[in-house]
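Residue-level structure breakdown
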Amino acid sequence: MGGLGQRAYTVTRSSVEEIGEMMVLTGKTLVSAIRPPFPYGNEFVLQFLFAMRLCWFPMLLSTVAFGYEAPGLQAANFLVLFGALDRLGGFFVLASIREFAPFVDAIVVAGVAGTAITADLGARKIRDELDALVVMGVDPIKNLVVPRFLALMIVTGLFDIYALLFGIFGGVLATLVNHAPLGPFFATLANNAEPTDLWASVVKTTLFGAVIAIVCCYKGMNASGGAAGVGRAVNQAVVIAFLGIFAFNYTFTQVLLATHPAITTIAK
């Protein structure tokens, strides 16, 4: 029992220390991003295009599949029981715009681009390239972390619009499969969608990108133990990024609903 308690204490202490170090890295990254000089322009463009190229197709498949299956077919089957299939569009405001599309967006970016960032920085770490940069007077945070941080934030925010469009397309497919007209779907969608829903979704996913970037850069820059250590860092980065996304989403949603109670009202 004592050994189990000691192990739990060690894991908890290690987790708290990692969270603290990630917060410190976040602060250093923000300061480096706004303090001149700005030598990371080319790296930012490369990372932005790299993430876009990797994520666009998995994002398309995932958002259509999730939109069609979870809030689409499942909700349609439920609404048919009450003869209210025309309310499916209003449900999509709650399910897809507020939650499903941002989640799918963040999960795809973390699982595809985030893992690539962790592996890249981890490989540089075990080859001592990061230490060599420090010796040469090059700041790894400004030149490596900042461009990846900014690129993932912008990519994740832009992909949210992409995810919303294809998620709603999944709802259109579910409506057509149930042989229902599309007019009521779009009417209830427009009646229930507020500008707050759109900007909150984009802001939330942009901040998801920040969480993913910090976690993946931190785990990559602290990888150890050769190639196996890089693999462990990648696995840990994905798990921690997902947990961070879930925790941040809960907090963001609670604050949004408390500050904008009007969006809790469902229009006819």
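Taken together, the buried positions of helix H6 (residues 182–192) are occupied by Phe185, Thr188, Leu189 and Asn192. With its buried residues spanning 105° around the axis, H6 presents them on a single face. Residues of H6 that are buried make contact with helix H3 (88–126), helix H5 (140–177) and helix H7 (195–221).

Right, let's talk about the nonpolar core for a bit. One broad trend across soluble globular proteins is that nonpolar side chains are buried collectively. The biggest cluster of nonpolar side chains holds 41 residues, and the ones touching the most others in it are Val109, Leu152 and Ile212. Among the elements of the structure, helix H1 (2–34), helix H2 (41–81), H3, helix H4 (129–135), H5, H7 and helix H8 (226–259) are those that each provide at least two residues to this core. Excluding residues within four positions of it along the chain, Val109 makes contact with Cys55, Met59, Gly114, Leu152, Thr156, Phe159 and Ile212. If you look at the next biggest cluster of nonpolar residues, it comprises 17 residues, including Phe92, Leu164, Val172 and Ala180.

This part is about the packing of aromatic side chains. Under the counting rule described, the total for this entry stands at 10 aromatic pairs. Note on Phe248 and Phe252: the rings are 6.0 Å apart at their centroids and 35° apart in plane angle, and the pair reads as tilted. Within this pair, Phe248 and its partner Phe252 are both found in helix H8, separated by 4 residues, close to a single helical turn. Classification of Phe248 as partly exposed rests on a relative accessible area of 25%.

A separate point is the pattern of salt bridges. Counting across every chain of the model gives 8 salt bridges. With its nearest N and O atoms 2.9 Å apart, the salt bridge here joins Arg148 to Asp120. Taken together, the residues span a long stretch of sequence, with Arg148 in helix H5 and Asp120 in helix H3 at a distance of 28 residues. A relative accessible area of 26% means that Asp120 is categorised as partly exposed. Each member of the salt-bridge network shares a partner with another, and the members are Glu43, Asp120, Arg124 and Arg148.

Moving on, we come to the environment of Arg35. Here Arg35 shows up in the loop between H1 and H2. For Arg35, a relative accessible area of 53% gives the class exposed. Arg35 sits 176 residues away from Val211 along the chain, and the two C-alpha atoms are 21 Å apart.

How each quantity is defined
- Residues numbered from 1 in each chain as written.
- Predicted model: local features only at pLDDT ≥ 70, side-chain atom pairs only at ≥ 80, totals over all residues.
- Heavy atoms only, no water.
- Buried < 20%, exposed > 50% of the residue type's maximum accessible area, 1.4 Å probe, protein only.
- Helix = DSSP H or I, 4+ residues; strand = E, 2+ residues; numbered from the N terminus.
- Arc of directions from axis to C-beta.
- Contact = heavy atoms within 4.5 Å.
- Core = buried A, V, L, I, M, F, W, Y, C linked by side-chain atoms within 4.5 Å.
- Phe/Tyr/Trp six-rings, centres within 6.5 Å; stacked < 30°, edge-to-face > 60°.
- Salt bridge = Lys/Arg side-chain N within 4 Å of Asp/Glu carboxyl O.

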